[in-house]
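# Structural characterization, general
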Amino acid sequence: MKFTISRENFLQPLQLVSGAVERRHTLPILSNVLIKVSEDALWLTGTDLEVELISSMHLEGDYEEGEITVPAKKLFDICRGIADGTDIHFSLDGNKALVRAGRGRYTLSTLSANDYPNLEDWEGEVEFEVPSSDLKRLINSTHFSMAQQDVRYYLNGMSLETEDNIIRTVATDGHRLALCRLDYSETSLPSRQVIIPRKGVLEISRLIGDEERSIKVQIGANHIRMFSNEFIFTSKLVDGRFPDYRRVLPRDGDKTIIASKAVLKDAFTRAAILSNEKFRGVRLNLASGELKITANNPEQEEAEEIVDVNYEGDDLEIGFNVAYLIDVLNALTTEEVQILLSDSNSSALIQNSGDDSALYVIMPMRL
């Protein structure tokens, strides 16, 4: 097995698949990347048994077919350190991999490709194609609300739901909920709800760049797969039932606040400095035309911010985790935001002003 490739053409796909490689694993081969040369193409594969990433590129010049696995991080670090415009010559020398570039020569250990784990073949039950910008919006609008290492393992991921002409993502950690909807006009989709694990969600978010391209999504019984011109990404699905999020969407909010997103975010960010570092609570006092934000901590320090808002109604006092509020404001995209409240014991419903495709629910705190 041998091939020659430019440093630029090799580094990007190598970096791409390295995201799936598990560096601290009990199986040494999972720290390796699978390199395969076949029919004018170079294929790179990385996996940690939960997610798998495959990238391919066209080979020019002489090559010999074959496959081998080498340490992913070491190979990536070597290639990253090589000067731009340098050709990389990869070959096998016995049970070692030989990498030559310019006047440098590097010998790497190998493990047999036959021992490299592949996710089993499966059939896609639901299939659709979306622009990468839409997929990115669905994920980035919700993923920050996923739980981290919660014993309710089904919360440590994101729900992806298809239903007729709608694709929906939902994430919740039990204290807040984020929902984003995409109207899909290409075809009617079957009803299906799956849970993508946290690592899979973050990996997809990393893979989708800013350039516009089409991404094909396949959902199977236990896996989800995404195809683009640059990669094939596969992730196992979480085996569990996602909570019925529709039950927690507030429906009786009679207090509507319209406010500037930037002004609110700056006020919350300043108030957060003097909030309790553990509980992060802030108190909101709502009155006609204005919102007062106060925060204090065990050192008896206090912050107070007054923000002009568009509100006419009864006074209300309610507490929230300020970090949750800032996360939502970072995810919203319009200049003005709408907040719906009912009383001091009920959740807030936050959305872009005039656009309900993304909804955010935050439970109140007792302060």
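Scroll up to find the structure this text is about.
Every value quoted in this text rests on a predicted model; they were computed, and no experiment measured them. (Residues numbered from 1 in each chain as written. Predicted model: local features only at pLDDT ≥ 70, side-chain atom pairs only at ≥ 80, totals over all residues. Heavy atoms only, no water.)

### So, the overall build of the protein
Along its length, the protein carries six helices and 24 strands. If one aligns the C-alpha atoms of the protein with their principal axes, the spans along those axes are about 80 × 50 × 35 Å. Classification of the 367 residues of the protein by burial places 51% in the buried group. Summed over all atoms, the accessible surface of the protein reaches about 18200 Å², with 43% contributed by carbon and sulfur. (Helix = DSSP H or I, 4+ residues; strand = E, 2+ residues; numbered from the N terminus. Buried < 20%, exposed > 50% of the residue type's maximum accessible area, 1.4 Å probe, protein only. Areas by Shrake-Rupley, 256 points an atom, 1.4 Å probe, with all protein chains shown as cover.)

### Here we look at the packing of helix α5 (residues 261-272) against helix α6 (residues 322-331)
Packing of α5 against α6 leaves a shortest axis separation of 10 Å and a crossing angle of 150°. With respect to α6, the axis of α5 lies roughly antiparallel. Crossing angle aside, the handedness with which α5 passes α6 is left-handed. Counting all contacts with α5, which are made through K261, L264, K265, F268, T269 and A272, the residues of α6 involved are V322, L325, I326, L329 and N330. Per-class residue counts for the contact of α5 with α6 are seven nonpolar, two polar and two charged. (Axes fitted to C-alpha atoms, helices over the stretch in contact; angles between N-to-C directions. Parallel < 35°, antiparallel > 145°, perpendicular 65-115°, else oblique. Left-handed = near helix turned anticlockwise from the far one by under 90°. Contact = heavy atoms within 4.5 Å. Nonpolar A, V, L, I, M, F, W, Y, C, P; charged D, E, K, R; others polar.)

### Focus on helix α4 (residues 198-207)
Burial in α4 covers these residues: G200, V201, E203, I204 and L207. Seen from one end, α4 has its buried residues packed into an arc of 165°, which puts them on one side. (Arc of directions from axis to C-beta.)

### As for the sheet that holds strand β8 (residues 104-109)
Across the sheet, four strands lie side by side as β1-β6-β7-β8; this open sheet has antiparallel pairing. With partners counted over all chains shown, the strands left at the sheet margins are β1 (2-6) and β8, one partner each. Put simply, the sheet's adjacent strands are angled 20° from each other on average, direction ignored. Where strand β7 (residues 96-101) meets β8, six bridges bridge the pair, whose relative direction is antiparallel. Bridge pairing in β8 places A101 opposite G104. Here helix α1 (residues 7-18) sits on the sheet in contact with β1 and β6 (87-93), set at roughly 100° to β1. Of the strands in this sheet, β6, β7 and β8 touch helix α2 (residues 72-81), which is tilted by about 170° from β8. (Pairing = 2+ DSSP bridges.)

### Considerations on the packing of helix α3 (residues 132-140) against α4
Their axes nearest at 10 Å, the elements α3 and α4 cross at an angle of 140°. Considered as vectors, α3 and α4 are oriented oblique to each other. Every pair of crossing elements has a handedness; the one defined by α3 and α4 is left-handed. Between α3 and α4, the residues in contact are L135, I139 and N140 and V201, I204 and S205, respectively. Looking at the contact of α3 with α4, its residues break down into four nonpolar, two polar and no charged.

It is worth stressing that arrangement in space is one thing and function is another; only the former is reported here.
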